[in-house]
Amino acid sequence: MIAGQLNRIVTIETWGYTTNLQGNSVGTVSASWQQRANVIDTSGRQFTDDAQQQWRYDIKVTVRLSVSNPVSSNSTLVYEGYRYTINDVSIDNEGHKSFYILRCSKKEVWQELT
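Since we're looking at a predicted model, the values are computed, not measured.

## Looking at the nonpolar core
Nonpolar side chains in soluble globular proteins tend to be buried together. Among the nonpolar cores identified, the biggest contains 16 residues, and Val61, Leu77, Leu102 and Cys104 are the most heavily contacted of them. Breaking this core down by element, the ones donating at least two residues are β1 (8-19), β2 (25-49), β3 (52-64), β4 (75-79), β5 (82-91) and β6 (99-109). In this view, Leu102 contacts Ile59, Lys60, Val61, Val63, Val71, Leu77, Ile86, Asp88 and Val89; residues no more than four positions away in its chain are not counted.

## What about the pattern of salt bridges?
For the coordinates displayed, the defined rule picks out one salt bridge. Arg83 serves as the salt-bridge partner of Glu13, at 3.0 Å between the closest nitrogen and oxygen. Taken as a pair, Glu13 in strand β1 and Arg83 in strand β5 lie far apart in primary sequence, 70 residues in all. What makes Glu13 buried here is its relative accessible area of 10%.

## Observations regarding the side chain of Glu13
Of the polar contacts made by the side chain of Glu13, one reaches the side chain of Arg83; its length is 3.0 Å. Excluding its chain neighbours within four sequence positions, the residues that come into contact with Glu13 are Val29, Ala31, Ser32, Ser75, Thr76, Val78 and Arg83.

## A word on the pairing of β5
Note: β4 against β5, four bridges, orientation antiparallel. Paired with Thr76 across the strands is Thr85, a residue of β5. Count of turn residues in the β4/β5 antiparallel hairpin: two residues, of which Glu80 carries a positive phi of about 50 degrees.

## Considering the packing of aromatic side chains
The geometry of an aromatic ring pair is captured by two quantities: the separation of the ring centres and the angle between the planes. Going through the model one piece at a time under the given rule, you end up with zero aromatic pairs. Over the face of the ring belonging to Tyr82 we find Lys106, whose NZ or CZ atom lies 3.3 Å from the ring centre.

Cut-off values and rules
Residues numbered from 1 in each chain as written. Predicted model: local features only at pLDDT ≥ 70, side-chain atom pairs only at ≥ 80, totals over all residues. Heavy atoms only, no water. Core = buried A, V, L, I, M, F, W, Y, C linked by side-chain atoms within 4.5 Å. Buried < 20%, exposed > 50% of the residue type's maximum accessible area, 1.4 Å probe, protein only. Helix = DSSP H or I, 4+ residues; strand = E, 2+ residues; numbered from the N terminus. Contact = heavy atoms within 4.5 Å. Salt bridge = Lys/Arg side-chain N within 4 Å of Asp/Glu carboxyl O. Polar contact = N/O pair within 3.5 Å; in protein donor to acceptor, adjacent residues only side chain to side chain. Pairing = 2+ DSSP bridges. Phe/Tyr/Trp six-rings, centres within 6.5 Å; stacked < 30°, edge-to-face > 60°. Lys NZ or Arg CZ within 6 Å of the ring centre and 35° of its normal.

Spelled out as structure tokens, the structure:
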């Protein structure tokens, strides 16, 4: 990966849980940071779930490996205003570890307004 190919900016969020006033456990963003990335759209497809038309988009994101900001599959990625679920985190090269390769997806529900 050439550094000039990291031509997008993504926000990576790690999540934690806190307790609200009613005593319920609520997911909150515990840390977030921005990184330069190479984003490749891999697929988009339509499917039906519980009688609702939905779209699923998959992307492949390459970001620099950072020891101070580790990325895991329980993190989320925000790109162009959309939150993606990180399904898989892999390292590009086992010898000199320099980039994470993230496989991410988002799901949209299509609603007909009539």
